[in-house]
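Results of the structural survey
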Amino acid sequence: MSVPYWNHNVHYHSLVMKLMPAGCQRALDLGCGDGLLASKLAARATQVTAADRAPEAIAMACERHGGLDNVEFVTADYLDDPRGLLPEGKYDFVSAVAVLHHADFTEAVAALTRLLAPGGRLVVIGLARNRSLLDWLVSGAGQVASRALRLRHGPKSGPGKGVPAMDPVLSWAETARLARRTLPGSRFGRLLLRRYLLVWDKPE
Ligand SMILES: C[S@@+](CC[C@H](N)C(=O)[O-])C[C@H]1O[C@@H](n2cnc3c(N)ncnc32)[C@H](O)[C@@H]1O
């Protein structure tokens, strides 16, 4: 059963979908929460693996989207996967929405890139912390946009209590700097609704 709701993560699902290369065979959504994005990716990829380290999140994902033939939900930690539930070098698309700030950025990026197949694409929608005046100005504009969007979508709502949330530690500038250093050639941009977009294509 799908549970439609709107929040800043859900708002950017369509962007993630647009960035998924056509003909994607194996997609992986990390930190999948209640599985809503995985259920959308399933319409465009041959096979989707959706992983979360929180068993409560995976239980919710199975309950809401377990009926999809080409999606498997896995309880796994992408940073520490001793059972090899997420094989390295296998996925030609990896997404992570509101997940990277749960870990050290450099470690997280290293793990994500190992999972990608050569030629595969990584798409991250992430959160960062306001520090500079410009950060606060952009986030002020984002709040205005968010209020306007709530008129269309109704109040923001989350997937449910089983999906752990956390505040980001790194600022926007620190995140951009680390992204440039750890993923040469990547594209990084701040989005309006308190999120950034990071896209990286793994060399063949
Ligand atoms: C804020 S929620 C976002 C959930 C979903 N991506 C969304 O956009 O609604 C972050 C999720 O990432 C998961 N997570 C954090 N670190 C993880 C890790 N190392 N491995 C797997 N899942 C992780 C959490 O359990 C949580 O469900």
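See the structure above.
As the structure is a computational prediction, the values presented were derived from the model and not from experiment.

1. Let's talk about the site of the ligand
Inspection of the region around the ligand gives 22 residues, with Asn9, Gly31, Gly33, Ala54 and His102 positioned closest. Looking at the shell around the ligand, its residues break down into 15 nonpolar, four polar and three charged.

2. With respect to unusual backbone geometry
Here alanine 98, not a glycine, exhibits a phi torsion of approximately 60°, which is positive. Among the structural elements, alanine 98 can be located in the loop between β4 (91–97) and α5 (105–115). Judged by the 21 C-beta atoms lying within 10 Å of it, alanine 98 falls in the buried class. You will see that arginine 194, though not glycine, has its phi angle at about 50°, which is positive. By secondary structure assignment, the location of arginine 194 is in the loop between β6 (187–191) and β7 (195–201).

3. Some remarks on the nonpolar core
Of all hydrophobic cores here, the largest spans 50 residues; its most connected members are Val94 and Leu115. Element by element, the count of residues in this core is highest for α5, at six residues.

4. Observations regarding the pairing of strand β1 (residues 26–30)
Counting buried residues along β1, four of its five residues qualify, which places the element largely inside the surrounding structure. With helix α3 (residues 36–41) bridging β1 and the parallel strand β2 (residues 47–52), this β-α-β connection has right-handed handedness. Across four bridges, the pairing between β1 and β4 is parallel. Across the sheet, residue leucine 30 finds its bridge partner in β4, namely alanine 96.

5. So, the sheet that holds β4
Neighbouring strands of a sheet are bound in pairs by backbone hydrogen bonds; such pairs are parallel or else antiparallel. Taken in spatial order, the seven strands line up as β3-β2-β1-β4-β5-β7-β6 in an open sheet, and their pairing is mixed. Whereas interior strands pair on both sides, the edge strands pair on one side only; in this sheet they are β3 (71–75) and β6. Direction aside, neighbouring strands of the sheet carry axes that sit 15° apart on average. Pairing of β4 with strand β5 (residues 116–126) involves six bridges; the strand directions are parallel. Opposite tyrosine 91, over in β5, you have leucine 116 as the bridge partner.

6. Notes on helix α4 (residues 55–65)
Of all the residues in α4, the buried ones are Ala57, Ile58, Met60, Ala61 and His65. An end-on view of α4 places all buried positions within 160° of arc, on one side of the element. Structurally, α4 contributes buried residues whose contacts are with α3, β2 and β3.

Definitions and limits used
Residues numbered from 1 in each chain as written. Predicted model: local features only at pLDDT ≥ 70, side-chain atom pairs only at ≥ 80, totals over all residues. Near = placed C-beta within 6 Å. Nonpolar A, V, L, I, M, F, W, Y, C, P; charged D, E, K, R; others polar. Helix = DSSP H or I, 4+ residues; strand = E, 2+ residues; numbered from the N terminus. Buried ≥ 20, exposed ≤ 12 C-beta atoms within 10 Å, placed from the backbone. Core = buried A, V, L, I, M, F, W, Y, C linked by C-beta atoms within 7 Å. Right-handed = clockwise from strand over helix to strand, strands pointing away. Pairing = 2+ DSSP bridges. Axes fitted to C-alpha atoms, helices over the stretch in contact; angles between N-to-C directions. Arc of directions from axis to C-beta. Contact = placed C-beta atoms within 7 Å.

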